[in-house]
Amino acid sequence: MEKKRRYELLDAYRGLTILSMIGYHFSYDVFILYRRYPGWLSNPFGYIWQQSICISFILICGLCASFSRNLWKRGILLNLCGLIITVVTVVFSPQAAVYFGILNLLGCSLLLLIPFKKIVNEKTWLLTAVISLFLFVLFRNVTKGYLGIGDTILYAVTFALYKIKWLVPFGFPYAGFYSSDYFPILPWFFLFLTGYCFSFYLKKAEWLKRLLEPKIPFFSWFGKHSLIIYMIHQPVLMGICMLLFQ
């Protein structure tokens with residue numbers, strides 16, 4: 001039996017992404033919540049930065065899901081953590097309340113992955129990855145009311161779906177809905193599934209395994225403790241902002 005290997009470079013990459021996320025959230029707190037630069041969100045650099053973080057993080061989490069021993073347990077844990085984030089932000093920082101943020105997405109994606117594991121295997125992973133990536137692009141703007149490629153509208157989603165509040169987690173926000181960190185199942189689960197599919201290539205590509213084995217202690221540490229860091233980083237950042245600006 002092959003000895004279980006730790007792909008340290010994956011931890012390091014996840015750690016680098018977490019540090020980038022902390023920097024982005026601190027910028028958001030300073031520029032938006034404390035209104036030092038209210039137009040920051042419309043800045044192309046801010047959008048590209050935010051997208052690079054979430055796309056990288058969701059892909060790497062999908063890839064690493066193949067190493068999880070218990071998807072049920074991990075999925076429920078992440079959803080509970082996401083619920084805690086929602087309660088804390090609603091109570092202490094309602095202007096930055098989080099409804100169905102990244103932790104809820106990852107938790108639900110792990111649970112949704114359970115039935116998909118029966119159809120994604122060494123023979124179907126590449127086709128599934130291609131289809132998943134296409135669906136991610138197609139559903140990218142479902143929260144805006146349409147399916148399409150970029151700004152090209154291929155299908156206008158019926159407005160009735162956006163009136164049902166319990167469909168918010170699926171990518172159909174109702175009028176007036178706001179969340180400072182909103183990652184609905186559509187389209188983001190398709191990106192998560194794409195990452196999971198590529199784990200099949202990793203498992204059989206010896207050159208890639210060797211490439212991912214080097215350890216970068218600083219970034220690896222953050223990657224291995226990403227959940228607890230995510231849970232505490234925003235209260236810490238808000239505390240720093242209060243000290244600086246109040």
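This text gives an overview of the structure that appears in the document. Quick caveat, the model's predicted, so the values are computed rather than measured.

## Brief notes about the layout of surface pockets
So, step 1. Roughly 1,400 Å³ of volume is contained in the largest pocket.
So, step 2. In terms of lining residues, the largest pocket is bounded by 45 residues, among which Q50, S179, S180, D181 and Y182 are the most central.
So, step 3. Only helix 1 (8-33), helix 2 (44-64), helix 3 (71-92), helix 6 (185-204) and helix 9 (226-245) provide two or more residues apiece to the lining of the largest pocket.
So, step 4. Tallying contributions element by element places helix 9 first for the lining of the largest pocket, with 7 residues.
So, step 5. Roughly 880 Å³ of internal volume is contained in the second largest pocket.
So, step 6. Taken together, 28 residues form the lining of the second largest pocket, with R6, R14, C64, S68 and R74 sitting closest to its centre.
So, step 7. Looking at the lining of the second largest pocket, the elements that each hand over two or more residues are helix 1, helix 2, helix 3, helix 4 (102-116), helix 8 (217-224) and helix 9.
So, step 8. Split by residue class, the lining of the second largest pocket holds 14 nonpolar, 5 polar and 9 charged.

## So, the packing of aromatic side chains
So, step 1. This structure, assessed with the given rule, holds 24 aromatic pairs.
So, step 2. Centroid distance F136 to W188: 5.3 Å. Interplanar angle 55°. Geometry classified as tilted. One end of the pair, F136, is in helix 5 (residues 125-138); the other, W188, is in helix 6, with 52 residues separating them in the sequence. As far as the burial class goes, F136 and W188 line up, both buried.
So, step 3. Ring geometry for F139 versus F190: centroids 5.7 Å apart, planes at 45°, classification tilted. Highlighted residues: F139 in the loop between helix 5 and strand 1 (146-149) and F190 in helix 6, separated in sequence by 51 residues. There is no split in this pair, since F139 and F190 are both buried.
So, step 4. Three or more aromatic residues joined by ring pairs make a cluster, and in this case those are Y24, F31, Y37, W40, F45 and W49.
So, step 5. In this structure, K165 is placed above the aromatic ring of Y174, and the distance from its NZ or CZ to the ring centre is 5.1 Å.
So, step 6. Sitting over the face of the ring of F200, K203 holds its NZ or CZ atom 5.6 Å from the ring centroid.

## Things to note about the packing of helix 4 against helix 6
So, step 1. It is at 10 Å that the axes of helix 4 and helix 6 come closest, and there the two elements cross at 60°. The orientation of helix 4 with respect to helix 6, classified from their angle, is oblique. Judged by the twist between their axes, the crossing of helix 4 over helix 6 is right-handed. Contact with helix 4, carried on its side by L105, L106, C108, S109, L110, L112, L113 and F116, involves I185, W188, F189, F192, L193 and Y196 of helix 6 and no other residues of that element.
So, step 2. Of the residues belonging to the contact of helix 4 with helix 6, the class tally is 13 nonpolar, 1 polar and no charged.

Thresholds, definitions, all that
Residues numbered from 1 in each chain as written. Predicted model: local features only at pLDDT ≥ 70, side-chain atom pairs only at ≥ 80, totals over all residues. Heavy atoms only, no water. 1 Å grid on protein atoms, 1.4 Å probe; cavity = no way out; pocket = protein on both sides within 12 Å on 5 of 7 lines; lining within 4 Å. Points joined across faces, edges and corners; volume = space filled by probe spheres on them. Helix = DSSP H or I, 4+ residues; strand = E, 2+ residues; numbered from the N terminus. Nonpolar A, V, L, I, M, F, W, Y, C, P; charged D, E, K, R; others polar. Phe/Tyr/Trp six-rings, centres within 6.5 Å; stacked < 30°, edge-to-face > 60°. Buried < 20%, exposed > 50% of the residue type's maximum accessible area, 1.4 Å probe, protein only. Lys NZ or Arg CZ within 6 Å of the ring centre and 35° of its normal. Axes fitted to C-alpha atoms, helices over the stretch in contact; angles between N-to-C directions. Parallel < 35°, antiparallel > 145°, perpendicular 65-115°, else oblique. Left-handed = near helix turned anticlockwise from the far one by under 90°. Contact = heavy atoms within 4.5 Å.

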